[in-house]
Amino acid sequence: MAVFNQKSVSDMIKEFRKNWRALCNSERTTLCGADSMLLALQLSMAENNKQHSGEFTVSLSDVLLTWKYLLHEKLNLPVENMDVTDHYEDVRKIYDDFLKNSNMLDLIDVYQKCRALTSNCENYNTVSPGNFQCGEKVDRKIYP
């Protein structure tokens, strides 16, 4: 696993907070850290399992497998030859809908929005996919 560069992620979040008006619809948007992203993914997968098999449950190994695939997919990294759980597309839709309905953004969305906004985010090239696998507590409101 890559070394976690907490400063670059924190700097990216600060930049996002400065420019939130151009990046999201509400000042009450909550930024999700990796731990909240995993929780949202777990809930999304459990909901998907409930719809397909009737049980609101999911194994940790399936969550971690899907987490790895989700990170690669959202960051446009290669996903060939990667295992993925059944009904991944449904899980991804439930995950995205959950974030949208909860007025939340995950770290990858913040990274992508920040990078698209300004060249200042070129400073965040040190933020790598490995950074999103660590459990830094980032959940916070973006308003000052």
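Residues numbered from 1 in each chain as written. Predicted model: local features only at pLDDT ≥ 70, side-chain atom pairs only at ≥ 80, totals over all residues. Heavy atoms only, no water.

Q: Honestly, the overall build of the chain in this entry has me stumped. Any pointers?
A: Scanning the chain from terminus to terminus reveals six helices and three strands. Going from the N terminus to the C terminus, the chain shows its helices and strands as α-α-β-α-α-α-β-α-β. Burial statistics for the chain: of 144 residues in total, 42% are counted as buried. In the chain, the share of contacts with a sequence separation of at least 24, taken over all contacts with a separation of at least 6, comes to 71%. Of the roughly 8200 Å² that the chain leaves accessible, carbon and sulfur atoms contribute 48%. (Helix = DSSP H or I, 4+ residues; strand = E, 2+ residues; numbered from the N terminus. Buried < 20%, exposed > 50% of the residue type's maximum accessible area, 1.4 Å probe, protein only. Contact = heavy atoms within 4.5 Å. Areas by Shrake-Rupley, 256 points an atom, 1.4 Å probe, with all protein chains shown as cover.)

Q: Explain unusual backbone geometry to me, please; I cannot follow it from the model alone.
A: Keep in mind that most residues, glycine aside, have a negative phi and that most peptide bonds are trans. Despite not being glycine, H87 shows a phi value in the positive range, around 60°. Positionally, H87 belongs in the loop between α4 (60-74) and α5 (88-101).

Q: Looking at this structure, I do not really get helix α3 (residues 34-53). What am I missing?
A: Along an α-helix, residues three or four positions apart point the same way, because every turn accommodates 3.6 residues. The end-to-end C-alpha separation of α3 is 28 Å, in line with the 28 Å expected for 20 residues at 1.5 Å each. The set of residues buried in α3 consists of A34, S36, M37, A40, L41, S44, M45, A46 and N48. Looking at the buried positions of α3, the neighbouring elements they touch are β1 (30-32), α4, α5, β2 (104-106) and α6 (107-117). Where α3 ends, the next residue or the one after it, G54, has phi of about 90°, a positive value. (Expected span 1.5 Å × (residues − 1).)

Q: Before we go on, may I ask you to explain the pattern of salt bridges in this structure?
A: Note that side chains of opposite charge can pair when their charged atoms are close. Applying the stated criterion to the full structure yields five salt bridges. Here D106 ties to K74 by a salt bridge, and the two come within 2.6 Å at their closest N and O atoms. One end of the pair, D106, is in strand β2; the other, K74, is in helix α4, and 32 residues separate them in sequence. For D106, a relative accessible area of 0% puts it in the buried group. On the accessibility criterion, K74 (6% relative accessible area) is buried. Each of E73, R92 and D96 takes part in salt bridges that share partners, so that together they form one network. (Salt bridge = Lys/Arg side-chain N within 4 Å of Asp/Glu carboxyl O.)

Q: How should I be thinking about the nonpolar core in this particular structure?
A: Within soluble globular proteins, side chains that are nonpolar tend to cluster in buried spots. Of all hydrophobic cores here, the largest spans 34 residues; its most connected members are F16, M37, L41 and Y95. Secondary structure elements with two or more residues in this core: α1 (6-18), α2 (20-23), β1, α3, α4, α5, β2 and α6. If one sorts the elements of this core by residue count, α3 sits on top with six residues. Not counting chain neighbours up to four residues away, the residues in contact with M37 comprise C32, W67, L71, Y95, D106, L107 and I108. (Core = buried A, V, L, I, M, F, W, Y, C linked by side-chain atoms within 4.5 Å.)

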